[in-house]
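Here's the letter readout for the chains.
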Amino acid sequence: SQQGEEDPQALSIQEGENATMNCSYKTSINNLQWYRQNSGRGLVHLILIRSNEREKHSGRLRVTLDTSKKSSSLLITASRAADTASYFCATPNYGGATNKLIFGTGTLLAVQP
Amino acid sequence: NAGVTQTPKFRVLKTGQSMTLLCAQDMNHEYMYWYRQDPGMGLRLIHYSVGEGTTAKGEVPDGYNVSRLKKQNFLLGLESAAPSQTSVYFCASSSPFSRTSGRTDTQYFGPGTRLTVL
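Residues numbered from 1 in each chain as written. Chains lettered and ligands numbered in written order. Predicted model: local features only at pLDDT ≥ 70, side-chain atom pairs only at ≥ 80, totals over all residues. Heavy atoms only, no water.

Draft legend 1. Region of interest: the interface of chain A and chain B. Listed per partner, the contact involves 23 residues of chain A and 24 residues of chain B. Interface area for chain A against chain B, summed over the two sides, is near 1800 Å², with a carbon-plus-sulfur share of 53%. It is Leu 43, Asn 99 and Phe 103 of chain A in chain A that bury the most area against chain B; as a group they hold 29% of the surface buried on that side. The tally of links between chain A and chain B comes to zero salt bridges. Linking chain A with chain B are two residue pairs in polar contact (both at pLDDT 80 or more), by the criterion used here. Residue assignment for the side of chain A that touches chain B shows that the elements contributing at least two residues are strand S4 (31-37), strand S5 (43-50), strand S9 (85-93) and strand S10 (100-103) of chain A. Among the residues forming the side of chain A that touches chain B, the class breakdown is nine nonpolar, eleven polar and three charged. (Contact = heavy atoms within 4.5 Å. Buried area = accessible area lost by both parts, 1.4 Å probe. Salt bridge = Lys/Arg side-chain N within 4 Å of Asp/Glu carboxyl O. Polar contact = N/O pair within 3.5 Å; in protein donor to acceptor, adjacent residues only side chain to side chain. Helix = DSSP H or I, 4+ residues; strand = E, 2+ residues; numbered from the N terminus. Nonpolar A, V, L, I, M, F, W, Y, C, P; charged D, E, K, R; others polar.)

See below:
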């Protein structure tokens, strides 16, 4: 099954720095999503980028998608301590008539104040 | 809107006991999902439902059963709990993806249930 693989597995930065996380996937997709999970909480959708888009912005988030390399990156600019969380990419698996997302194993981001 | 809620938040079981986890959503979503999350494993899909009265197996269905008698509720059952089922369980819901309408398949997650099986 296709799966997003995030890189790095863990990232520690200082407040104010930028954080970049990468995701690679295996098969063709029509969109890719990024989610955030704060410790002990459920996942929260951050941003979706469609296969015909190369870059998308949302506040301090910037997502890129390179379908030729089957990879995506999530950039968080001017990071804050509140950005400390795990970040997951998710790609759709439309086998049959269902909408299923395949989640990667996540990048754990720690932003030091 | 409460979004997606899960009951209970925490539970400790002994091996062989049974229990049911309840998920409820108030967004009128057709699709609902149950995942488990283990350290270093990401989220793995247990079962899912594409509508009231329908269920299907996901990636790791063994040892679990589900039911979707009402559109807003999705129940996950453990008939005979095992220590390997110690995990955090998440429910999610979504609308169907639609190329024509542009509707996406963003999933909305509940807060999770932390289950320990001794």
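Draft legend 2. Looking closely at the state of the cysteines. As enumerated under the stated definition, the model contains two disulfides over all chains in all. With a sulfur-sulfur separation of 2.1 Å, Cys 23 of chain A is cross-linked through a disulfide to Cys 89 of chain A. In this structure the cystine formed by Cys 23 of chain A and Cys 89 of chain A twists about its S-S bond by roughly 70°; its chirality is therefore right-handed. Of this pair, Cys 23 of chain A sits in strand S3 (residues 19-24) while Cys 89 of chain A is found in strand S9, placing the two residues 66 residues apart along the sequence. Across the pair, Cys 89 of chain A and Cys 23 of chain A agree in class, each one buried. For Cys 23 of chain B, the disulfide goes to Cys 91 of chain B, at an S-S distance of 1.8 Å. Because the torsion about its S-S bond is -75°, the bridge between Cys 23 of chain B and Cys 91 of chain B counts as left-handed. Highlighted residues: Cys 23 of chain B in strand S3 (residues 19-25) and Cys 91 of chain B in strand S9 (residues 87-94), separated in sequence by 68 residues. Given the relative accessible area of 0%, Cys 23 of chain B is considered buried. Among the residues examined, Cys 91 of chain B registers a relative accessible area of 0% and is labelled buried. (Disulfide = S-S within 2.5 Å. Buried < 20%, exposed > 50% of the residue type's maximum accessible area, 1.4 Å probe, protein only.)

Draft legend 3. Seen up close, the pattern of salt bridges. Residue and element names in this part refer to chain A. The full count for this structure, using the stated rule, is four salt bridges over all chains. In this structure, Arg 62 engages Glu 55 in a salt bridge whose closest nitrogen and oxygen atoms are separated by 3.2 Å. Of the residues examined, Glu 55 reaches a relative accessible area of 39% and is grouped as partly exposed. We note a salt bridge from Arg 60 to Asp 83, for which the minimum N-O separation is 2.9 Å.

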